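Structural characterization, general
Residue-level listing of the chains:
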Amino acid sequence: MATELDIRPIKEWLPELNNPLLIAGPCSLETEEQAMDTARQLAKDPRVFGYRGGVWKPRTRPGSFEGIGSIGLEWLKMVKQETGLRVGTEVANAQHTEEALKAGLDILWIGARSTASPFVVQEIADVLKGTDATVMVKNPVNPDVQLWMGAFERLSRSGIKNMVGIHRGFTPFRETKYRNYPNWKTFIELRRLMPNLPVICDPSHIAGKREYLFEVAQKAFDMGMDGLMVESHRDPSCALSDAGQQLTPADLFKMLDKLVIRNVSV
Ligand code: PEP
Ligand code: MN
């Protein structure tokens, strides 16, 4: 069933945006220096609008780097102050959400594992009630468009109007060269059900490897998506998470030069 949510077009809440919505930054913030240096490099290209940096990391299995925690919010504030980039991070529970709001972040996003849990989404939506937060929602790890829509409905019931979908692929159910299976039909279905929802693509978590990023990003624009969230690290070989899929800022700019890009449509 289609849903008529009160969703604000991107151009209303980001009037200065005349490019597709491009958000870039490290998978994880690791040190102040890494966060700042990567941001300074990214900010040199006006095509980059927002800076992403994970501070609480949802690792599939324990035992690896799980994020730098709340101190990372201070670094995001510094990035914003120094570069003017809009800054955002992933929130996965009420406490993260409260802290991110208090830090004045511009964008919060709900990760794929969290979107799969209506309890988690509701908990986040309850904290956001009555705020004018901008919330991006990644697709759930499983290709369930109703579950994805349900997250937008929960946020909408809390009065959230600045919402964006992020297609980051689905846990593969058959052999694929990609880390996560890009089911473009799910995007088409979401657009049919929620025609006014801006949707961007996260080619990094779909591709899983740098070499496939370009083809996934191009496909996203060819399908009519409104932008990209791309992982970029000043030195991907040393990254504490997702090392194989991150691009240096310079390589990201080269990829952008090659892409045939459309502007935001919703
Ligand atoms: C991320 O953006 O670093 C991340 C953990 O993504 P996802 O929720 O898509 O797995
Ligand atoms: Mn990542």
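Here, the structure is the one placed above.
Residues numbered from 1 in each chain as written. Chains lettered and ligands numbered in written order. Predicted model: local features only at pLDDT ≥ 70, side-chain atom pairs only at ≥ 80, totals over all residues.

**Some thoughts on the site of ligand 1**
As a reminder, the rule being used: Nearness here is judged by the C-beta atom: place it from the backbone, and if it falls within 6 Å of a molecule or strand, the residue counts as near that partner. In this classification, Asp, Glu, Lys and Arg are treated as charged, Ala, Val, Leu, Ile, Met, Phe, Trp, Tyr, Cys and Pro as nonpolar, and every other residue, Gly included, as polar.
The environment of ligand 1 is made up of Cys 27, Gly 54, Pro 58, Gly 111, Ala 112, Arg 113, Lys 138, Arg 168, Asp 202 and His 205. When the residues that make up the shell around ligand 1 are grouped by side-chain class, the tally is 3 nonpolar, 3 polar and 4 charged.

**A word on the nonpolar core**
For clarity, the cut-off: As used here, a nonpolar core is made of buried Ala, Val, Leu, Ile, Met, Phe, Trp, Tyr and Cys residues. They are joined through C-beta atoms within 7 Å. Once C-beta atoms are placed from the backbone, each residue is buried if 20 or more other C-beta atoms lie within 10 Å of its own, exposed if 12 or fewer, and partly exposed for counts between those two. Here, residue contact means that the backbone-derived C-beta atoms of the two residues sit within 7 Å.
Ranked by internal contacts, the top residues of the largest apolar core, which has 65 residues, are Val 135, Val 137, Met 163 and Ile 200. Residue contacts for Ile 200: discarding those within four places in its chain leaves Leu 21, Val 164, Ile 166, Met 225, Asp 226, Gly 227, Leu 228 and Met 229.

**Some thoughts on the environment of Gln 246**
To keep things clear, this is the line we draw: Starting at the N terminus, helices and strands are each numbered in turn, a helix being any DSSP run of H or I of at least four residues and a strand any DSSP run of E of at least two.
With respect to the helices and strands, Gln 246 occurs in the loop between strand E8 (227-231) and helix H11 (249-258). You can call Gln 246 buried: it has 27 C-beta atoms within 10 Å. Distance in space between the C-alpha atoms of Gln 246 and Ser 265 is 27 Å, their sequence separation being 19 residues. Those residues within four positions of Gln 246 in sequence are excluded, and the remaining contacts are Pro 26, Cys 27, Ser 204, Glu 231, Ser 232, His 233, Pro 236 and Ala 239.

**Overview of helix H4 (residues 94-102)**
The cut-off we apply is this: Directions drawn from the helix axis to the C-beta atoms are what define this arc.
The complete set of buried residues in H4 reads His 96, Thr 97 and Ala 100. Angular distribution of buried residues about the axis of H4 spans 95°; they occupy a single face of the element. Where H4 is buried, its residues meet helix H3 (71-83), strand E3 (86-90), strand E4 (107-110) and helix H6 (118-128). Immediately beyond the C-terminal end of H4, within one or two residues, lies Gly 104, with a positive phi of roughly 75°.

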